[in-house]
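# Structural features, examined
Take a look at the letters that make up each chain.
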Amino acid sequence: MHTMRFARQYGRQSLAATFPRRIDANAGNFELIDNNLASPI
């Protein structure tokens, strides 16, 4: 989450990869996108 904090602090866009299924390994990306903290790529 340090990257997300840095991006918000300096007004940079954050991107998160999307996947066809939600599993533990990619759950963080889904949370970022669902909470509008990152844009999907």
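Going through the model one piece at a time under the given rule, you end up with 2 salt bridges. The salt bridge involving Glu-31 is made with Arg-22; its shortest N-O contact spans 2.6 Å. The exposure class assigned to Arg-22 is partly exposed, which follows from its relative accessible area of 43%. Where salt bridges share partners, they join Arg-22, Glu-31 and Asp-34 into one cluster.

With that out of the way, let us pick up the side chain of Ser-14. Along the chain, the position of Ser-14 falls in the loop between helix H1 (2-9) and strand E1 (15-16). Sequence-distant contacts of Ser-14, defined by excluding residues within four places in its chain, comprise Met-4, Ala-7, Leu-37, Ala-38 and Ser-39.

With that out of the way, let us pick up the packing of aromatic side chains. This structure, assessed with the given rule, holds 1 aromatic pair. Taking 4.7 Å as the distance between ring centres and 45° as the angle between the ring planes, the aromatic pair formed by Phe-6 and Tyr-10 counts as tilted. For Tyr-10, a relative accessible area of 52% puts it in the exposed group.

On average, residues of the protein chain carry a pLDDT of 93, and 100% of them reach 70 or more. By mean pLDDT, the top-scoring element of the protein chain is strand E2 (residues 39-40) (96), and the lowest-scoring one is H1 (89).

Moving on to helix H2 (residues 27-34). In an α-helix, one full turn covers 3.6 residues, which means residues spaced three or four apart are oriented alike. Along H2, the positions that sit buried rather than exposed are Phe-30, Leu-32 and Ile-33. Burial along H2 is one-sided: seen end-on, the buried residues are contained in an arc of 160°. Buried residues along H2 sit against H1, E1 and E2. Directly beyond the C-terminal end of H2, a positive phi value near 55° is found at Asn-36.

Scoring rules and cut-offs
- Residues numbered from 1 in each chain as written.
- Predicted model: local features only at pLDDT ≥ 70, side-chain atom pairs only at ≥ 80, totals over all residues.
- Heavy atoms only, no water.
- Salt bridge = Lys/Arg side-chain N within 4 Å of Asp/Glu carboxyl O.
- Buried < 20%, exposed > 50% of the residue type's maximum accessible area, 1.4 Å probe, protein only.
- Helix = DSSP H or I, 4+ residues; strand = E, 2+ residues; numbered from the N terminus.
- Contact = heavy atoms within 4.5 Å.
- Phe/Tyr/Trp six-rings, centres within 6.5 Å; stacked < 30°, edge-to-face > 60°.
- pLDDT = per-residue confidence, 0-100.
- Arc of directions from axis to C-beta.

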